[in-house]
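# Working through the structure, step by step
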Amino acid sequence: VNFLYRAPGTNGHFIVGLGPSIAYGLGGKAKISGGETGSNTIKFGSGADDLLKPIEISGNILVGYEWNSGIFFQVNYNHSLNNIYNNYNLAPSDPATNWHNSYFGLHIGYFIHSTKK
């Protein structure tokens, strides 16, 4: 969910937004390369064998432009607010047990019912 502000531009609108997001981990695989190689299945949950917590709460920021034709372009950044490492109580001050996801996104699209104002 993003709260957006649209400011008029020459041929459309500038868009600035922010908001919360939530993600739920279903499963995954970790691959190890370098000196040793291998892979492990990642388990999400709160049990002793589960590496990561399944729920991640994040914050999102975006900027973009929407042309009057309905075409839009957006760039966003998302950063998790909670530690998703499940066993951080073992060593809470160790940076290796403080796991947060973050990513940049690029969106190009077309609004089918674009409003031309």
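Here's what I pulled together on the structure shown here. This one's a predicted model, so the numbers in the text were calculated from it and none came from an experiment. (Residues numbered from 1 in each chain as written. Predicted model: local features only at pLDDT ≥ 70, side-chain atom pairs only at ≥ 80, totals over all residues. Heavy atoms only, no water.)

As for its position among the elements, Asn 60 is in strand S5 (residues 55–67). Take Asn 60: its relative accessible area is 9%, and that puts it in the buried class. Within polar-contact distance, the side chain of Asn 60 engages the side chain of Asn 2 at 3.1 Å. Among the polar contacts made by the side chain of Asn 60, one reaches the side chain of Asn 76 at a distance of 2.8 Å. Those residues in contact with Asn 60 that sit more than four places away from it in its chain are Asn 2, Gly 17, Leu 18, Gly 19, Asn 76, Tyr 77 and Asn 78. (Helix = DSSP H or I, 4+ residues; strand = E, 2+ residues; numbered from the N terminus. Buried < 20%, exposed > 50% of the residue type's maximum accessible area, 1.4 Å probe, protein only. Polar contact = N/O pair within 3.5 Å; in protein donor to acceptor, adjacent residues only side chain to side chain. Contact = heavy atoms within 4.5 Å.)

This part covers the packing of aromatic side chains. All told, the structure shown has 5 aromatic pairs when counted by the stated rule. With centroids separated by 4.8 Å and ring planes inclined at 75°, the aromatic side chains of Phe 14 and Tyr 65 adopt a geometry described as edge-to-face. Of this pair, Phe 14 sits in strand S2 (residues 12–24) while Tyr 65 sits in strand S5, and the two are 51 residues apart along the sequence. On the basis of relative accessibility, which here comes to 46%, the residue Phe 14 falls in the partly exposed class. Both rings, one in Tyr 85 and one in Trp 99, keep their centres 4.7 Å apart while their planes meet at 50°; by these two values the pair is tilted. Taken together, the residues span a long stretch of sequence, with Tyr 85 in the loop between strand S6 (71–80) and strand S7 (102–110) and Trp 99 in the loop between S6 and S7 at a distance of 14 residues. For Tyr 85, a relative accessible area of 14% corresponds to the buried category. (Phe/Tyr/Trp six-rings, centres within 6.5 Å; stacked < 30°, edge-to-face > 60°.)

Right, let's talk about the pattern of salt bridges for a bit. Inspection of the entire model under this criterion finds 1 salt bridge. For Arg 6, the salt bridge goes to Glu 66, with nearest N and O atoms at 3.6 Å. Here Arg 6 is found in strand S1 (residues 3–8), whereas its partner Glu 66 is found in strand S5, with 60 residues between them in sequence. Judged by its relative accessible area of 7%, Glu 66 falls in the buried class. (Salt bridge = Lys/Arg side-chain N within 4 Å of Asp/Glu carboxyl O.)

That is the geometry; function is a separate question.
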